[in-house]
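# Secondary and tertiary structure notes
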Amino acid sequence: MITRLSGRLEGLVYLHGGLCEALRLYPPLALEHKAPSEADILPTGHVVDKETRIILSIYSMGRMEGLWGEDCMEFKPERWFSKGANGIGIKHEPSYKFPAFHAGPRTCLGKEMGMIQMKMVAAAIICNYHVELVEGHVVCPSDSIILQMKYGLKVRLLPIN
Ligand code: HEM
């Protein structure tokens, strides 16, 4: 069932690109931290001992020119498109470049499920409502581990038809 639904949603490339852009620029888990269980040497040559804490800024990685190019600060769903013989498809980026769901053996187990849920909710809203931002509403982050909007995002939903 999930596989069939996921296959159908694969066709929504622009929605997929938009969601990936939102996760790239505003990753829900903005900071990740890791500690070695024993002393080790990283591939870069950096020595890490048991007391070392490594902080990864997923938020900053999503905005690095070296990773995403000169237009890294622009919201561009098209950067997730791949052009193939059958038209436009979804471009897959390695999770070490796009770690919104983390990378390696502890990758988010709900990655596919999360993408499906976001696509279902977004498609249901976009197909049935015009979404208007409430004028004057200021968006600001809250100081929590998870990147959240302190006062939410105030919008007016106008039913289509
Ligand atoms: C947009 C949605 C989601 C995002 C951005 C996300 C992101 C992440 C990240 C960054 C981690 C690594 C946390 C860490 O190790 O410090 C993680 C782990 C995990 N996520 Fe998600 N997640 C999402 C949705 C979901 C959903 C829907 C489920 C379950 C249905 C889920 C289940 C899990 C589980 C079980 C882990 C732990 C994996 C492990 O440690 O081996 N996630 N997620």
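One can find the structure itself at the top, above this paragraph.
Residues numbered from 1 in each chain as written. Predicted model: local features only at pLDDT ≥ 70, side-chain atom pairs only at ≥ 80, totals over all residues. Heavy atoms only, no water.

### Section: the site of the ligand
The criterion, for reference: Any residue with a heavy atom positioned within 4 Å of a molecule or strand is treated as near that molecule or strand. We define a polar contact as two N or O atoms separated by no more than 3.5 Å, with the added condition that, inside protein, one atom must be a possible hydrogen donor and the other a possible acceptor, whereas residues neighbouring each other in sequence contribute only through side-chain atom pairs. Runs of E in the DSSP output that reach at least two residues are strands. Runs of H or I that reach at least four are helices, and both are numbered from the N terminus. Three residue categories are used. Nonpolar comprises Ala, Val, Leu, Ile, Met, Phe, Trp, Tyr, Cys and Pro, charged comprises Asp, Glu, Lys and Arg, and polar comprises the others, including Gly.
Close to the ligand lie 15 residues; Glu32, Ala100, Arg106, Cys108 and Gly110 are nearest. Side-chain polar atom of glutamate 32 to an oxygen atom of the ligand: 2.8 Å apart, as the coordinates give it. Interatomic distance of 2.8 Å between a side-chain N/O atom of arginine 106 and an oxygen atom of the ligand. At three residues, helix H5 (residues 111–128) tops the list of elements feeding residues into the shell around the ligand. Looking at side-chain class alone, the shell around the ligand contains eight nonpolar, four polar and three charged residues.

### Details of the nonpolar core
Most often, soluble globular proteins have nonpolar side chains that are buried together. As a reminder of what qualifies: Residues belong to one nonpolar core when they are buried, are Ala, Val, Leu, Ile, Met, Phe, Trp, Tyr or Cys, and are joined through side-chain atoms within 4.5 Å. Buried, partly exposed and exposed residues are distinguished by accessible area as a fraction of the type maximum, computed with a 1.4 Å probe on protein chains only: under 20%, between the cut-offs, and over 50%, respectively.
Counting twelve residues, the largest nonpolar core consists of Leu15, Leu19, Cys20, Leu23, Trp68, Cys72, Trp80, Phe98, Ala100, Phe101, Met115 and Ala122. For this core, the element with the most residues is helix H2 (residues 13–25), which contributes four residues.

### Describing H2
Note the threshold: Multiplying one less than the number of residues by 1.5 Å gives the expected span of a helix.
Taking 1.5 Å per residue as the helical rise, H2 with its 13 residues ought to reach 18 Å, and the 18 Å between its terminal C-alpha atoms agrees with that figure. Across the 13 residues of H2, eleven count as buried, placing the element largely inside the fold. When we look at burial in H2, the residues that qualify are Val13, Leu15, His16, Gly17, Gly18, Leu19, Cys20, Glu21, Leu23, Arg24 and Leu25.

### Examining the packing of aromatic side chains
Here is the rule we go by: Aromatic rings from Phe, Tyr and Trp, with only the six-membered ring used for Trp, were paired whenever their centres fell within 6.5 Å, and each pair was classed as stacked if the ring planes differed by under 30 degrees, edge-to-face if by over 60, and tilted otherwise.
Scanning the entire structure with this criterion turns up four aromatic pairs. When the centroid spacing of 5.7 Å and the interplanar angle of 40 degrees are considered together, the rings of tryptophan 68 and tryptophan 80 count as tilted. Residue tryptophan 68 is located in helix H4 (residues 65–68), and its partner tryptophan 80 is located in the loop between H4 and strand E5 (81–84); the two are separated by twelve residues in the primary sequence. Neither residue differs from the other here; tryptophan 68 and tryptophan 80 are each classed as buried. Ring geometry for tryptophan 68 and phenylalanine 98: centres 6.4 Å apart, planes at 85 degrees, overall edge-to-face. Placement of tryptophan 68 in helix H4 and of phenylalanine 98 in the loop between strand E6 (87–90) and H5 is noted, with a sequence separation of 30 residues between them. Judged by relative accessible area, tryptophan 68 falls into the buried class, the value being 7%. A relative accessible area of 9% means that phenylalanine 98 is categorised as buried.

### Remarks on the coordination of the iron atom of the ligand
Quick reminder of the rule: Listed donors are limited to N, O and S atoms within 2.8 Å of the metal, widened to 3.2 Å for Na, K and Ca; water is not among them, so incomplete-looking sites are possible.
Within the protein, just one atom coordinates the iron atom of the ligand: Cys108 (SG), at a distance of 2.2 Å. Here cysteine 108 lies in the loop between E6 and H5.

### Looking at a nonpolar patch on the surface
The criterion, for reference: Residues with no salt bridge and a relative accessible area higher than 30% make up the patches, which join like charges within 9 Å and nonpolar side chains (Val, Leu, Ile, Met, Phe, Trp, Tyr) within 5 Å. Computed by Shrake-Rupley with a 1.4 Å probe, the accessible areas treat only the displayed protein chains as cover when residues are assessed. When a carboxyl oxygen of Asp or Glu lies within 4 Å of a side-chain nitrogen of Lys or Arg, that pair is called a salt bridge.
Together, Val121, Ile125, Tyr129, Val131, Leu133, Val139, Met149, Leu153, Val155 and Leu157 give the surface a local cluster of nonpolar side chains, amounting to about 850 Å² of exposed area. Residue assignment for the nonpolar patch shows that the elements contributing at least two residues are H5, strand E7 (129–133) and strand E8 (155–159). Sort the elements by how many residues they give to the nonpolar patch and E7 lands first, with three residues. Along the chain, methionine 149 falls in the loop between E7 and E8. Residue methionine 149 is classed as partly exposed on the basis of its relative accessible area, which comes to 42%.

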